[in-house]
Amino acid sequence: MGEEPRVSPLKNFVAGGVGGACLLLAGHPLDTIKVRLQTQPKASCTQYVLYTGTYDCFRKTVSKEVQASSGESRYAGPLDCAVRLYKEQGIRSVYKGTVLTLIRDVPSNGLYFLTYEYLKNFLTPEGQSVSQLSTSNILLAGGVAGILNWTIALPPDVLKSNFQTAADGKYRGLVDVLRTLLREEGPKALYKGFNAVFLRAFPANAACFLGFEVALKGLNMLAPSW
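The name that an unreviewed UniProt entry assigns to the protein is Mitochondrial carnitine/acylcarnitine carrier protein-like, with the source organism given as Seriola dumerili. Its UniProt record gives the protein the following Subcellular location (unreviewed entry) comment, quoted word for word: "Mitochondrion membrane". The annotation that UniProt attaches to the protein under Sequence similarities (unreviewed entry) is "Belongs to the mitochondrial carrier (TC 2.A.29) family."

## What about the UniProt feature "repeat: Solcar" (unreviewed entry) in the protein?
UniProt marks residues 7–122 and 133–218 with the feature "repeat: Solcar" (unreviewed entry), using the numbering shown here. The annotated region residues 133–218 carries 79% helix and 0% strand content, and the separation between its end C-alpha atoms amounts to 15 Å.

## Points about the nonpolar core
Counting 15 residues, the largest nonpolar core has W150, L159, F163, Y171, V177 and L181 as the members making the most contacts within it. Going through the elements one at a time, α6 (135–165), α7 (174–185) and α8 (194–222) are the ones with two or more residues in this core. It is α6 that provides the largest number of residues to this core, a total of six residues. Ignoring any residue separated from it by four or fewer positions in sequence, one finds L181 in contact with V158, L159, N162, G186 and A189. Listed in part, the eleven residues of the second largest apolar core include L23, Y112, A204 and F209.

## A few points about a nonpolar patch on the surface
Among the surface-exposed residues, L10, F13, V14, V18 and W226 lie close enough to one another that they form a single nonpolar patch of about 500 Å² accessible area. Position of W226 among the secondary structure elements: in the segment after α8. Judged by its relative accessible area of 44%, W226 falls in the partly exposed class.

## Brief notes about α7
Taking 1.5 Å as the rise per residue, α7 with twelve residues should run 16 Å; its terminal C-alpha atoms sit 16 Å apart, in good agreement. Buried residues of α7: D176, V177, T180 and L181, and no others. The arc enclosing the buried residues of α7, seen along the axis, measures out at 130°, which places them on a common side. Its buried side turned inward, α7 meets α6.

## Some words on helix α5 (residues 98–123)
When the terminal C-alpha atoms of α5 are compared, their 36 Å separation across 26 residues agrees well with the 38 Å that a helix rising 1.5 Å per residue should span. On its buried face, α5 sits against α1 (9–39), α6, α7 and α8.

## So, the packing of aromatic side chains
Counted under the stated rule, the structure contains six aromatic pairs. Aromatic side chains Y112 and F209 sit 5.1 Å apart centroid to centroid with 50° between the ring planes, which places their arrangement in the tilted category. A residue pair is termed long-range when its members are at least 10 positions apart, and Y112 in helix α5 and F209 in helix α8 qualify at 97 residues. Since its relative accessible area comes to 5%, F209 is described here as buried. With a centroid separation of 4.5 Å and 40° between ring planes, the pair formed by F194 and F198 is classed as tilted. Of this pair, F194 and F198 both sit in helix α8, separated by four residues, roughly a single helical turn. By relative accessible area, F194 is classed as partly exposed at 40%. Connected via pairs of aromatic rings, a cluster forms that spans Y112, F113, Y116 and F209. Its guanidinium or amino end placed over the ring of F163, K96 lies 5.5 Å from that ring's centre, counting from NZ or CZ.

Conventions and cut-offs
- Residues numbered from 1 in each chain as written.
- Predicted model: local features only at pLDDT ≥ 70, side-chain atom pairs only at ≥ 80, totals over all residues.
- Heavy atoms only, no water.
- UniProt positions renumbered as here; feature names shortened; annotations may be inferred.
- Helix = DSSP H or I, 4+ residues; strand = E, 2+ residues; numbered from the N terminus.
- Core = buried A, V, L, I, M, F, W, Y, C linked by side-chain atoms within 4.5 Å.
- Buried < 20%, exposed > 50% of the residue type's maximum accessible area, 1.4 Å probe, protein only.
- Contact = heavy atoms within 4.5 Å.
- Patch = residues over 30% accessible without salt bridge, like charges linked within 9 Å, V, L, I, M, F, W, Y side chains within 5 Å.
- Areas by Shrake-Rupley, 256 points an atom, 1.4 Å probe, with all protein chains shown as cover.
- Salt bridge = Lys/Arg side-chain N within 4 Å of Asp/Glu carboxyl O.
- Expected span 1.5 Å × (residues − 1).
- Arc of directions from axis to C-beta.
- Phe/Tyr/Trp six-rings, centres within 6.5 Å; stacked < 30°, edge-to-face > 60°.
- Lys NZ or Arg CZ within 6 Å of the ring centre and 35° of its normal.

Set out below in structure tokens:
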């Protein structure tokens, strides 16, 4: 068997950036819908839900909005948003929801990469290198890994979205967010945005890993000595 190519941190860093860009391009629209479904107010006797489902949210977002339900832009861009948050509430506001993000990302990303690497090896024909895996199998491995990732990431993601978008002082912490959602909406509240998440998971993560693998192969051809 031939010697496996040397692992280059620089190439993996660049290829990872390409993969991340592919994930955002493929998944961002449904990610926006996911957050809106997760954070919409609960229906009551005096208020209807804003969106009845994934398609309804998509239709209303495209026809009526950019950033807010009023149709008015609150921020000129991400830099303006960060600066204004810092001026109004200090550095802690920029990192609001960090603990919930860690609770979401550490276990889910562990499962994510474990699943991808396992499936790559499982799908590689005997006698061939993993680096020779076909495009269709890369897409399959990445898509399945993305679905499993979101299976365990969705509940903490719902908590994070609600905590980050809530009015200042509404929640005392992550336990309070969980307790409030369960009391007001029941366990199903932890899976708000389910359809949007799983419509997004396969194509977005398949695109991510395909972008990564293609970029890595291209870098190995262009600069084999890096």
